[in-house]
Amino acid sequence: LRAYGRFDLPAAENLLSRAKALLPAGHDQRPKVLRRLTEAYPSMGRPQEAETAFAELLDEIGGDDRLTRGIRLEQTRFRLITGPDPISLEVIRQQTQAALEAFHDEGDQVRMSQAHYILSSVHLRTGRIRELEETARRGLVHAHRSGDLRELLGAPWWIVFALLAGPTPVPACLQACEELVNVGGLEHIGVLATMGHFKAMLGDFQRARELVAHAQHVLRERLRILRPRLFVGLRTAGVEVLAGNPEAAERALLPLLDVALMVGDREQASQIAAELSLLLSRRGASDEAARAATLAAAQAPAESVTAQALAGAAQARVLLGSGDHREAERFAREAIKPVPDDMLNLRASLLVGLAEILRAAGRHDEAQPVSAEAVQLYERKRNLVAAQACGKRAL
């Protein structure tokens, strides 16, 4: 438990698993050991063992309603990553809100932080960025009150997602990241990697690469867990795309796909496959691009705005490569529809894809206003590099 308190998950999992094997059923310490294992296994990319630990833990605690409510909350947090799909986000929101009220009455700061973590995930999936940031910041307050290192490390991820996805201009995003980067004496890898991506949007590619490389170093040397590799790798690829180095972006993404599938993270697997498909399409690897686009569509959670949009964009680009302009346009327009106006970077990138399809079909007059809208969205975000690149393509 001391190893877990330091968030040294590989060491903690090894020791906790040995403790579990030694403790007989019904021992009063066994639920505590199992609970920590249910938290450790998902981050380490071991979903089947997590499900087994949840079942054992629920069996151990019997009919204790308060403990069961907390375990079910943690199980929901886990299943939002792995499925099953389709999964009703509104039902999850209602159940989590009810649990949050109970934990508030009990003064349980850890569980209140966990509830906000789940609600933040629901808001991101559905594209409610304002609600996402507000909920994530409330969750961070509860994490600080709890003093629990896992919660302190978990809450900033959702603020980072809100900054990346939403309308906050890049300079203000960087300032917010500076305030979040130090967590309990640890540098937050998600914040570091996101700062790198923001620096690339402003054209400072040297500093951007330094930041994502440092995030990778902290992850490798200090945390040594699998799931965060997916996010850091996506930010690394994003830096290289903005820097005009698609080959390096592809190299960053390729090993991540197997990791995402192994840990059962459907959202990340879909996004990685979609981004990879777009890169493969642009260099003419049509068969590989088609396979990646199919995987992106198969993995995308049914109610995820971002995953569904990127999967649609990847399929549109594959159809464009095959010369089917009409179907490519249909997929591109369908991908844009559910994306809220305040998801500036995502909406702009989808518009860029649509403009490319229209130009390929010889409809340059229709492509021009689409490109102009994309440039406007990038400029609102202060993604200066993408705005400039989009403007050049439109000429």
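Before reading further, recall that the structure is shown in the block above.
Keep in mind that this is a model prediction, so the values were computed, not measured.

What counts and what doesn't
Residues numbered from 1 in each chain as written. Predicted model: local features only at pLDDT ≥ 70, side-chain atom pairs only at ≥ 80, totals over all residues. Heavy atoms only, no water. Helix = DSSP H or I, 4+ residues; strand = E, 2+ residues; numbered from the N terminus. Rg over C-alpha atoms; globule rule 2.2 N^0.38 Å. Contact = heavy atoms within 4.5 Å. Polar contact = N/O pair within 3.5 Å; in protein donor to acceptor, adjacent residues only side chain to side chain. Expected span 1.5 Å × (residues − 1). Buried < 20%, exposed > 50% of the residue type's maximum accessible area, 1.4 Å probe, protein only. Axes fitted to C-alpha atoms, helices over the stretch in contact; angles between N-to-C directions. Parallel < 35°, antiparallel > 145°, perpendicular 65-115°, else oblique. Left-handed = near helix turned anticlockwise from the far one by under 90°. Salt bridge = Lys/Arg side-chain N within 4 Å of Asp/Glu carboxyl O. Core = buried A, V, L, I, M, F, W, Y, C linked by side-chain atoms within 4.5 Å. Phe/Tyr/Trp six-rings, centres within 6.5 Å; stacked < 30°, edge-to-face > 60°. Lys NZ or Arg CZ within 6 Å of the ring centre and 35° of its normal.

K.L.:
I'd like a description of the overall build of the chain, backed by residues and values.
P.N.:
When helices and strands are tallied, the chain shows 21 helices and two strands. In terms of overall size, the chain behaves like a compact globule, its C-alpha atoms giving a radius of gyration of 22 Å where 395 residues would be expected to give roughly 21 Å. A principal-axis box enclosing the C-alpha atoms of the chain has dimensions of 70 × 35 × 35 Å. Residue pairs in contact within the chain that sit at least 24 positions apart in sequence constitute 64% of those at least 6 positions apart.

K.L.:
Describe the environment of Asp 148, listing the residues and the values that go with them.
P.N.:
Mapped onto the fold, Asp 148 is located in the loop between helix H8 (129–146) and helix H9 (149–165). Sequence separation between Asp 148 and Phe 7 is 141 residues; the distance between their C-alpha atoms is 9.8 Å. Excluding residues within four positions of it along the chain, Asp 148 makes contact with Arg 36, Val 110 and Ala 143. For Asp 148, the side chain forms a polar contact with the main-chain nitrogen of Glu 151, separated by 3.1 Å.

K.L.:
Could you give me a rundown of helix H11 (residues 189–201), with the residues and numbers involved?
P.N.:
Its 13 residues place the ends of H11 19 Å apart at the C-alpha level, agreeing with the 18 Å of an ideal helix rising 1.5 Å per residue. Taken across its 13 residues, H11 has twelve buried, putting it largely inside the fold. With its phi angle positive at about 95 degrees, Gly 203 sits one or two positions after the end of H11.

K.L.:
How would you summarise the packing of helix H13 (residues 227–242) against helix H14 (residues 246–263) if you had to cite specific residues and measurements?
P.N.:
At their nearest, the axes of H13 and H14 sit 8 Å apart, and the two run at 160 degrees to each other. When the axes of H13 and H14 are compared, the pair comes out roughly antiparallel. Crossing of H13 over H14 shows left-handed handedness. Along its contact with H13, which presents Arg 227, Arg 229, Leu 230, Gly 233, Leu 234, Thr 236, Ala 237, Glu 240 and Val 241, the element H14 presents Pro 246, Ala 248, Ala 249, Ala 252, Leu 253, Leu 256, Val 259, Ala 260 and Val 263.

K.L.:
Can you break down the pattern of salt bridges residue by residue, with the values?
P.N.:
A complete count under the given rule lists 34 salt bridges for this structure. Across the salt bridge formed by Glu 39 and Arg 36, the nearest N and O atoms sit 2.7 Å from each other. Of this pair, Glu 39 and Arg 36 are both found in helix H3 (residues 30–43), three residues apart, which corresponds to roughly one turn of the helix. The pair formed by Glu 39 and Arg 36 is uniform in burial state, with each residue classed as buried. Across the pair Arg 69 and Glu 106 runs a salt bridge, and its minimum N-O distance is 2.4 Å. Linking Arg 69 in helix H5 (residues 65–82) with Glu 106 in helix H6 (residues 89–106), this pair joins segments that are 37 residues apart in sequence.

K.L.:
Please set out the side chain of Ser 277 residue by residue, giving values where relevant.
P.N.:
Mapped onto the fold, Ser 277 is located in helix H15 (residues 266–282). If we ignore the near neighbours within four places in the chain, the residues touching Ser 277 are Ala 289, Ala 292, Ala 293, Ala 314 and Val 318.

K.L.:
Residue-level account of the environment of Ala 269, with values.
P.N.:
When you line up the elements, Ala 269 lands in helix H15. In this structure the C-alpha to C-alpha distance between Ala 269 and Trp 157, which are 112 residues apart in sequence, comes to 18 Å. Those residues within four positions of Ala 269 in sequence are excluded, and the remaining contacts are Leu 257, Ala 260, Leu 261 and Gln 299.

K.L.:
So what about the nonpolar core? Which residues, and what values?
P.N.:
Ranked by size, the top nonpolar core spans 129 residues in total, and within it Ile 189, Phe 198, Leu 253, Ile 272 and Leu 350 carry the most contacts. Broken down by element, the residue count for this core peaks at 13 residues, all from H9. The residues touching Leu 350, leaving out its near neighbours within four places in the chain, are Ala 309, Ala 313, Ala 335, Ile 336 and Val 339. Grouped together as the second largest cluster of nonpolar side chains are 13 residues, Leu 89, Ala 99, Phe 103 and Leu 119 included.

K.L.:
I'd love a proper account of H8, names of residues and values included.
P.N.:
For H8, which comprises 18 residues, the first-to-last C-alpha distance of 25 Å matches the rise-based estimate of 26 Å (1.5 Å per residue) to within 8%. Taken residue by residue, H8 has Ile 129, Leu 132, Glu 133, Thr 135, Ala 136, Gly 139, Leu 140, His 142 and Ala 143 as its buried positions. Phi for Gly 147, located one or two positions after H8, is positive at around 75 degrees.

K.L.:
Give me the lowdown on the packing of aromatic side chains, citing residues and values where you can.
P.N.:
Inspection of the entire model under this criterion finds seven aromatic pairs. Put simply, the rings of Tyr 117, Trp 157, Trp 158, Phe 161 and Phe 231 pair up and form one aromatic cluster. The positively charged end of Arg 77 is found above the aromatic ring belonging to Tyr 117, 3.7 Å away from the centroid.

K.L.:
Please set out unusual backbone geometry residue by residue, giving values where relevant.
P.N.:
In this structure, Pro 84 follows Gly 83 across a cis peptide bond, with omega equal to 5 degrees. By secondary structure assignment, the location of Pro 84 is in the loop between H5 and H6. For the bond from Asp 85 to Pro 86, the omega torsion is 0 degrees, close enough to zero to count as cis. Relative to the helices and strands, Pro 86 resides in the loop between H5 and H6. Although it is not a glycine, Phe 7 sits at a positive phi angle of roughly 60 degrees. Examined against the element boundaries, Phe 7 turns out to sit in the loop between helix H1 (2–5) and helix H2 (9–22). With relative accessibility at 8%, the residue Phe 7 sits in the buried group. Although it is not a glycine, Arg 382 sits at a positive phi angle of roughly 65 degrees. For Arg 382, the location among the structural elements is in the loop between helix H20 (364–381) and helix H21 (384–394).

K.L.:
Could you give an account of the environment of Glu 133, naming the residues involved and the relevant values?
P.N.:
Relative to the helices and strands, Glu 133 is located in helix H8. Along the backbone, Glu 133 and Trp 158 are 25 residues apart, and their C-alpha atoms lie at a distance of 7.0 Å.

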